[in-house]
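Spelled out, the chains give:
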Amino acid sequence: MQKRGIFLIAGTVTMSIILSGCFQGEQSLEEEMIDPPQNAEPVDNLEDSDAKANEQSEDEDNVSETIARDLYLIDANGMVASQTLELPTPESNKVATQVLEYLVKGGPISQLLPNGFQAVLPEGTEVLGINLQEDGTMVVNFSKEFANYEAKDETKVLEAVTYTLTQFENVEEVQLQMDGMALKEMPVNGTPIGEGYSRENGINVSDTGVSDFMQSKTVTMYYPTEHDENRYYIPVTQYVEPSEEVDEFSAIVKNLLKGPGIQSNVKQVFNDSAALTSKPSLKDGVLQLHFNESILKEQDKSVIADEVMETLVRTLTNVQGVEAVQVNVESIEELVNENGEAYTEPVTKQQFIPTEKL
């Protein structure tokens, strides 16, 4: 009987502990219900909070909208070259102003600059005004900070501004102002501007190997290069010498096949034995080129390297009258690119370079 009494007492103590824990739990729950968190909002303001959240979401969506634009910058070798960068979508009347603002050192371009590249306009330069005239002349008014560049960079500044703005189809040339005063020459080293500057003035100009400048023509040729796995094209304006025996298009292709000369930082994409087999012909804007099989990357597969095609098209569509290029190879019925896709139509520069109007 004594053992039974001890058992009952132990059971009673256990039940008391359990019930005591339950009561303490209810008391804690009531206390939490009575004292709301300090940061809690009244129910009446929930709709306002939702509205603010929606507005914030819409703002984030707007910020995320971008558009690809070409900006001409200075690369690691001091050459002016374009980089296609995603810029925030601006108001329709601010497109030209935006691309210029992204050329300013220390400006919004800072977070986007590819390795080895630098902006061209002096820090603090402002675009005070911009006006596109009916004849395709873009008048740009810069602040006085525009003159704060080094003399050695003057032509690079002029070329970068000109080529960045003339990427738009309806911009033919650029006139510069500083603090509202028209510039007939650049403010530091006196490079002549005259009534305007255009792509016809050239970019990264090279005069290598030319014997007669008076009889020569300038052509901007495009050569691929690479820096830190960033592949891009450098435009180099060179002199070519057409003659009675060698027409303009043959002279251009001959220079491309020969390579970039002293521009050792760019890549030679053509095989040594590649050559034209007949004189190029232009009809209805399409330039017909006929090559031997050495132009091919893989002769047994009729593959022409993408860089070969792009080099030819970028360069030759800069010549007046040429809108597209048709490459033909002896004994080959149909050429394909490196992905095996057939070139069934003449190739235009729009396949490599986005174009638009302001």
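Keep in mind that this is a model prediction, so the values were computed, not measured. (Residues numbered from 1 in each chain as written. Predicted model: local features only at pLDDT ≥ 70, side-chain atom pairs only at ≥ 80, totals over all residues. Heavy atoms only, no water.)

Peer 1: Before we move on, can you summarise the sheet that holds strand 11 (residues 286-291) with the specific residues and values?
Peer 2: Strand order across the open sheet formed by three strands is 10-11-12, with mixed pairing between neighbours. Whereas interior strands pair on both sides, the edge strands pair on one side only; in this sheet they are strand 10 (281-283) and strand 12 (324-329). On average, each strand axis in the sheet is tilted by 25 degrees relative to the strand beside it, whichever way the strands run. By the bridge criterion, six bridges tie strand 11 to strand 12 in an arrangement that is parallel. Its bridge partner lying in strand 12, Val286 is registered against Ala324. (Pairing = 2+ DSSP bridges. Helix = DSSP H or I, 4+ residues; strand = E, 2+ residues; numbered from the N terminus. Axes fitted to C-alpha atoms, helices over the stretch in contact; angles between N-to-C directions.)

Peer 1: Give me a negative patch on the surface: which residues, what numbers.
Peer 2: Where like charges cluster on the molecular surface, the negative patch consists of Glu134, Asp135, Glu172 and Glu200. Judged by relative accessible area, which is 74%, Glu200 ranks as exposed. (Patch = residues over 30% accessible without salt bridge, like charges linked within 9 Å, V, L, I, M, F, W, Y side chains within 5 Å. Areas by Shrake-Rupley, 256 points an atom, 1.4 Å probe, with all protein chains shown as cover. Salt bridge = Lys/Arg side-chain N within 4 Å of Asp/Glu carboxyl O. Lys, Arg positive; Asp, Glu negative; His and termini not counted. Charge placed at Lys NZ, Arg CZ, Asp CG, Glu CD. Buried < 20%, exposed > 50% of the residue type's maximum accessible area, 1.4 Å probe, protein only.)

Peer 1: Give a description of the side chain of Asn204 that names residues and reports values.
Peer 2: Note that Asn204 resides in the loop between strand 7 (197-198) and strand 8 (217-227). Not counting chain neighbours up to four residues away, the residues in contact with Asn204 comprise Met79, Val80, Glu159, Ile234, Pro235, Val236 and Thr237. (Contact = heavy atoms within 4.5 Å.)

Peer 1: Which residues make up unusual backbone geometry, and what values do they have?
Peer 2: Positive phi, close to 55 degrees, is recorded for Asp179, a residue that is not glycine. Positionally, Asp179 belongs in the loop between strand 5 (173-178) and strand 6 (181-182). You can call Asp179 partly exposed: its relative accessible area is 45%. Of note, Ser331 is a non-glycine position whose phi angle comes to about 70 degrees, a positive value. Position of Ser331 relative to the elements: it lies in the segment after strand 12. Since its relative accessible area comes to 71%, Ser331 is described here as exposed.

Peer 1: How would you explain the packing of helix 5 (residues 248-258) against helix 6 (residues 306-316) if you had to name every residue and give the values?
Peer 2: Geometrically, a packed helix pair is captured by the angle between its two axes and the distance between the axes. For the pair helix 5 and helix 6, the least separation of the axes is 11 Å and the interaxial angle reads 140 degrees. When the axis of helix 5 is compared with that of helix 6, the two are oblique. Judged by the sense of rotation from one axis to the other, the crossing of helix 5 with helix 6 is right-handed. Note on element contacts: helix 6 touches helix 5 through Thr311, Leu312, Thr315 and Leu316, opposite Phe249, Ile252, Val253 and Leu256. The residue makeup of the contact of helix 5 with helix 6, split by class, is six nonpolar, two polar and no charged. (Parallel < 35°, antiparallel > 145°, perpendicular 65-115°, else oblique. Left-handed = near helix turned anticlockwise from the far one by under 90°. Nonpolar A, V, L, I, M, F, W, Y, C, P; charged D, E, K, R; others polar.)

Peer 1: Give me the lowdown on the pairing of strand 5, citing residues and values where you can.
Peer 2: Of the two faces of strand 5, the one lined by Val174, Leu176 and Met178 is fully buried and the one lined by Glu173, Gln175 and Gln177 carries no buried residue. What joins strand 4 (residues 137-142) to strand 5 is helix 4 (residues 154-165), and the crossover it makes is right-handed. Of the strand pairs in this sheet, strand 5 and strand 7 are connected by two bridges, and their pairing is antiparallel. In the strand pairing of strand 7, Val174 is matched with Tyr197. In this structure, the hairpin formed by strand 5 and strand 6 is closed by a connection of two residues, where Asp179 is found at a positive phi of approximately 55 degrees. (Right-handed = clockwise from strand over helix to strand, strands pointing away.)

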